[in-house]
Amino acid sequence: MNYKGKAHKVGEHIDTDAIIPARFLVTTDSKKLGENCMSGLEPDWAKRVKVGDIMVAGRNFGCGSSREHAPIAILGAGMPVVIGHSFARIFYRNSFNMGLLLMEVGDEVDKINDGDELEIDAATGVIRNLTNGEEITCPPLPASMAKILDKGGLVEYVKERIA
Amino acid sequence: MAQTLAQKILQAHTDEAVEQDGQIVQCRVSMVLANDITGPLAIKSFYGMGAKKVFDRNKIALVMDHFTPQKDIDSANQVLISRKFAQEQGIVHYYGGGDCGVEHTLLPEQGLVGPGDLVIGADSHTCTYGGIGAFATGMGSTDIAAGMALGETWLKVPPTIRVNIRGNMPKWLRGKDLMLMLIGAIGVDGALYKALEFGGPVVDDLSVEGRLSMANMAIEAGGKVGLFAVDAKTRAYCAEHKRPGVLENMAADPGAHYDRVVEIDVTGKEPVVACPHIPSNVKPVSEVRNTAVQQVVIGSCTNGRISDMRDAAEILRGRKVDKNVRCIVLPSTPTVWKQCLKEGLIETFMEAGCIVGPCTCGPCLGGHMGILGDGERAVATTNRNFRGRMGSLNSEVYLASPLVAAATAVTGFVAGPDQL
């Protein structure tokens, strides 16, 4: 898969309450959750996002709650990928289960600035920064995560096992 | 191979040889948990997977504790989904009415989790059960759906950080202070993807409730689990709580490999608070003592047990809550509530001017029953102080033990019990 979009950069230790505050957890609707994505950081944050844009985060993105509503909100806002320095454990697993691609790149994330145009080749893990010409390569996914992502998430993956 | 506690418990739940950290193993689960927020998503995924029957109707717990009693139509409708599922599947451990309490206090209390168990829950604080020697970890709803369908899950064997706590435990220090000190020392991602294993003389002397409260916040250091060895205290706790038959002590093998060892000496330490907006921003109470607060919350899965209620009552007895503070006390299960009533603690709280409420997670996550307005500040015995966690984006939450929270309620400023 290839993705192309504008980088929306956020800081370190962005928690799941910032991604989707508790008051919105009375629904599982991805559109409604998407409209309120990152509203714990800044109201109306999601309004600046175009479908296909890419979230770029600092250290420990997604820390806190186990709420799967967090990756659903990011997908619901139109963002198929999060590039991060590192990710919190539960959020990492949830994202792949929901079909949201996470790319863990460590300090290399500093080569991306807010607003940069990015092009991603998910198969090779190459992130091309079209604005400043930098290139980052994300280490390959563990085989088990890649398998789940290939199926489009855990639901489809388990479906095959049950059938 | 000498095994850590985490490796040992995983080994008991898998047919594969647990040989190294980072290895992915398929494990049988002892209990699968979801609540009113995460349950509906899990149920949607469960049916989406084509599953028809849960793997074992005795090994699933559905606890409607977050927005309970339901705060609006949407939250009530979410409970309907879980209740209907429980009825259809014949789920034995469904809690939604007067039997319902905060899940992580309720499950150990009801003997539904125990030493050596492998528990997965769609709630990040599922790690609480490490306090009684269970490998318990939080996951998202879809992982939980797969667990409900298959009775198993995949887990990466975590590297372990050993935490040794020693020294003379000061009178006003509690498990909460020890855990906040650790998070302050290693940071909110200090145990990312790892297990925390606690030991040392202070931990040996600590009550089981104190251990549960520490294990509860392992996730605030990024940890996968927070584990305590099983000893005579654990066995006594389990025997008292409908879980008899735990006969063996259980600890890490001598010579087990640790990723890192952290030493903490508590001698001469004063109680601490985690200042906004991150749980690692930990300071001694005396450094922030002039900070005015408008709300105090005593309860939650971290500190809503009977020992917490007794601590709060000890401070509040014969004293009054400051006029500018709303002090909310939420015993975390019906059993805790009844015990408070029996011991006269409810009367103590009421006499002091507290609001005594139902067994709910409400205020901890800014759900309901204690939301902060613009510019308001709270001291809470809960586990997270993220920006906007308890309400307005312009509010602040300080985390502390029930002793500190109660003392703060009396003075109206962040205070330790020795300042009264």
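Rules and cut-offs
Residues numbered from 1 in each chain as written. Chains lettered and ligands numbered in written order. Predicted model: local features only at pLDDT ≥ 70, side-chain atom pairs only at ≥ 80, totals over all residues. Heavy atoms only, no water. UniProt positions renumbered as here; feature names shortened; annotations may be inferred. Helix = DSSP H or I, 4+ residues; strand = E, 2+ residues; numbered from the N terminus. Axes fitted to C-alpha atoms, helices over the stretch in contact; angles between N-to-C directions. Parallel < 35°, antiparallel > 145°, perpendicular 65-115°, else oblique. Contact = heavy atoms within 4.5 Å. Pairing = 2+ DSSP bridges. Core = buried A, V, L, I, M, F, W, Y, C linked by side-chain atoms within 4.5 Å. Buried < 20%, exposed > 50% of the residue type's maximum accessible area, 1.4 Å probe, protein only. Domains from an automatic or database assignment. Salt bridge = Lys/Arg side-chain N within 4 Å of Asp/Glu carboxyl O. Polar contact = N/O pair within 3.5 Å; in protein donor to acceptor, adjacent residues only side chain to side chain. Buried area = accessible area lost by both parts, 1.4 Å probe. Phe/Tyr/Trp six-rings, centres within 6.5 Å; stacked < 30°, edge-to-face > 60°. Lys NZ or Arg CZ within 6 Å of the ring centre and 35° of its normal. Left-handed = near helix turned anticlockwise from the far one by under 90°. Nonpolar A, V, L, I, M, F, W, Y, C, P; charged D, E, K, R; others polar.

A word on the UniProt feature "domain: Aconitase A/isopropylmalate dehydratase small subunit swivel" (unreviewed entry) in chain A
Part 1 of the reasoning: As annotated in UniProt, the feature "domain: Aconitase A/isopropylmalate dehydratase small subunit swivel" (unreviewed entry) corresponds to residues 45-105 of chain A in the numbering used here.
Part 2 of the reasoning: The span residues 45-105 of chain A carries 30% helix and 20% strand; its end-to-end C-alpha distance comes to 24 Å.

Looking at the packing of helix α8 (residues 208-216) of chain B against helix α9 (residues 232-240) of chain B
All names here are of chain B.
Part 1 of the reasoning: Contact geometry for α8 and α9: axes closest at 10 Å, N-to-C directions at 95°. Taken together, α8 and α9 sit at an angle that is classed as roughly perpendicular. Contact residues: Val208, Arg211 and Leu212 in α8; Lys233, Thr234 and Tyr237 in α9.

Looking at the sheet that holds strand β3 (residues 60-63) of chain B
All names here are of chain B.
Part 1 of the reasoning: Taking strand neighbours across the sheet as the criterion, the 5 strands line up as β4-β3-β2-β5-β6 in an open arrangement whose pairing is parallel. Here the strands that pair on one side only, and so sit at the sheet edges, are β4 (93-95) and β6 (135-138). Strand-to-strand twist of the sheet, defined as the mean angle between neighbouring strand axes without regard to direction, takes the value 15°.
Part 2 of the reasoning: By the bridge criterion, 4 bridges tie strand β2 (residues 31-35) to β3 in an arrangement that is parallel. Counted as the bridge partner of leucine 33 is alanine 61 from β3.
Part 3 of the reasoning: Contacts between helix α5 (residues 141-150) and the sheet are confined to β2, β3 and β5 (118-121), with β2 contributing the most and set at about 135° to the helix.

A closer look at the nonpolar core
Part 1 of the reasoning: Core analysis: the largest hydrophobic core is formed by 99 residues, its most contacted members being Phe61(A), Ile74(A) and Ile83(A).
Part 2 of the reasoning: Sort the elements by how many residues they give to this core and α5(B) lands first, with 5 residues.
Part 3 of the reasoning: Not counting residues within four places of it along the chain, the set of residues in contact with Ile74(A) comprises Ile19(A), Cys37(A), Met55(A), Phe61(A), Met79(A), Val82(A), Phe91(A) and Leu100(A).
Part 4 of the reasoning: One finds Val203(B), Val262(B), Ala274(B) and Val297(B) within the second-largest nonpolar core, a separate group that totals 41 residues.

Re the domain arrangement of chain B
Residues and elements named next belong to chain B.
Part 1 of the reasoning: Split into domains, chain B comes out as domain 1 (5-264) and domain 2 (276-419).
Part 2 of the reasoning: For domain 1 versus domain 2, the distance between C-alpha centres works out to 24 Å.
Part 3 of the reasoning: Linking domain 1 to domain 2 there are 2 salt bridges.
Part 4 of the reasoning: Between the two partners, domain 1 and domain 2, sit 20 residue pairs in polar contact (both at pLDDT 80 or more).

Some points on the interface of chain A and chain B
Part 1 of the reasoning: With 42 residues of chain A in contact, the opposing surface of chain B contributes 49 residues.
Part 2 of the reasoning: Buried surface at the junction of chain A and chain B, summed over both partners, amounts to about 3600 Å²; 58% is from carbon and sulfur atoms.
Part 3 of the reasoning: Looking at the side of chain A facing chain B, the largest losses of area belong to Val26(A), Arg89(A) and Arg93(A), adding up to 21% of the total buried there.
Part 4 of the reasoning: Asp143(B) is paired through a salt bridge with Arg93(A); the nearest N and O atoms lie 2.8 Å apart.
Part 5 of the reasoning: At the boundary of chain A and chain B, one finds 18 residue pairs in polar contact (both at pLDDT 80 or more).
Part 6 of the reasoning: Elements with a contribution of two residues or more to the side of chain A that touches chain B: α3 (69-76), α4 (89-98), α5 (143-150) and α6 (154-162) of chain A.
Part 7 of the reasoning: Sort the elements by how many residues they give to the side of chain A that touches chain B and α4(A) lands first, with 7 residues.

Quick look at the UniProt feature "binding site: [4Fe-4S] cluster" (unreviewed entry) in chain B
Residue and element names in this part refer to chain B.
Part 1 of the reasoning: This chain's UniProt record puts "binding site: [4Fe-4S] cluster" (unreviewed entry) on Cys301, Cys361 and Cys364. Taking the farthest pair of C-alpha atoms as the criterion, the annotated set spanning 64 residues converges on one region, since that pair is 9.2 Å apart.
Part 2 of the reasoning: Setting aside chain neighbours within four positions, we find cysteine 301 in contact with Val102, His104, Thr105, His125, Asn216 and Asn383.
Part 3 of the reasoning: A relative accessible area of 10% means that cysteine 364 is categorised as buried.
Part 4 of the reasoning: Sequence-distant contacts of cysteine 364, that is, excluding residues within four places in its chain, are made with Thr382, Asn383, Arg389 and Met390.

Quick look at the environment of Gly366(B)
Residues and elements named next belong to chain B.
Part 1 of the reasoning: Mapped onto the elements of the fold, glycine 366 is located in the loop between β16 (355-356) and β17 (377-380).
Part 2 of the reasoning: Taking the C-alpha atoms as reference points, glycine 366 and glycine 391, 25 residues apart in sequence, are found 5.1 Å from one another.
Part 3 of the reasoning: The contacts of glycine 366, once residues within four sequence positions are left out, are Ile371, Arg389, Met390 and Gly391.

Considering the packing of aromatic side chains
The relative placement of two aromatic rings is captured by the distance of their centres and the angle of their planes.
Part 1 of the reasoning: Enumeration over the complete set of coordinates arrives at 9 aromatic pairs over all chains.
Part 2 of the reasoning: Taking 6.3 Å as the distance between ring centres and 25° as the angle between the ring planes, the aromatic pair formed by Phe87(A) and Phe91(A) counts as stacked. The burial state of Phe87(A) is the same as that of Phe91(A); both residues are buried.
Part 3 of the reasoning: When the centroid spacing of 5.8 Å and the interplanar angle of 80° are considered together, the rings of Tyr47(B) and Phe85(B) count as edge-to-face. Highlighted residues: Tyr47(B) in helix α2 (residues 39-48) and Phe85(B) in helix α3 (residues 73-89), separated in sequence by 38 residues.
Part 4 of the reasoning: Grouped by ring-pair contacts, the aromatic residues Phe61(A), Phe87(A) and Phe91(A) constitute a single cluster.
Part 5 of the reasoning: The positively charged end of Arg93(A) is found above the aromatic ring belonging to Trp154(B), 3.7 Å away from the centroid.
Part 6 of the reasoning: Positioned above the aromatic ring of Phe67(B), the side-chain terminus of Lys71(B) is 4.9 Å from the ring centre.

Digging into the packing of helix α11 (residues 306-316) of chain B against helix α13 (residues 345-352) of chain B
Residue and element names in this part refer to chain B.
Part 1 of the reasoning: Viewed as axis vectors pointing N to C, α11 and α13 meet at an angle of 45°, and their least axial separation amounts to 9 Å. One finds that α11 runs oblique with respect to α13. As for how α11 packs across α13, the hand of that crossing is left-handed. Judged by residue contacts, Ile306, Met309, Arg310, Ala312, Ala313 and Leu316 of α11 engage Leu345, Thr348, Phe349 and Ala352 from α13.
Part 2 of the reasoning: Here the residues of the contact of α11 with α13 are counted per class, giving 8 nonpolar, 1 polar and 1 charged.

Concerning the pairing of strand β6 (residues 126-129) of chain A
Residue and element names in this part refer to chain A.
Part 1 of the reasoning: Across 4 bridges, strand β5 (residues 117-121) lies against β6 in antiparallel orientation. Bridge pairing links isoleucine 120 to isoleucine 127 in β6.
Part 2 of the reasoning: Bridge count between β6 and strand β7 (residues 135-137): 3 bridges; the pairing is antiparallel. If you follow arginine 128 over to β7, its bridge partner there is glutamate 135.
Part 3 of the reasoning: In this antiparallel pair of consecutive strands, β6 and β7, the connection spans 5 residues, and glycine 133 shows a positive phi of 80°.

Focus on the sheet that holds β5(A)
Residue and element names in this part refer to chain A.
Part 1 of the reasoning: An order of β4-β3-β2-β1-β5-β6-β7 is seen for the 7 strands of this open sheet, with the pairing classed as mixed. Every other strand in the sheet has two partners, leaving β4 (101-104) and β7 as the edge strands with one partner each. If you compare each strand with its neighbour and ignore which way they point, the axes differ by 25° on average.

Points about α2(B)
Part 1 of the reasoning: Counting buried residues along α2(B), 7 of its 10 residues qualify, which places the element largely inside the surrounding structure.
Part 2 of the reasoning: Of all the positions in α2(B), only Gly39(B), Pro40(B), Leu41(B), Ala42(B), Ile43(B), Ser45(B) and Phe46(B) are classed as buried.
Part 3 of the reasoning: Buried residues in α2(B) make contact with α3 and α6 of chain A together with β2, α3 and α5 of chain B.
Part 4 of the reasoning: Just beyond α2(B), the residue with positive phi is Gly50(B), at close to 85°.

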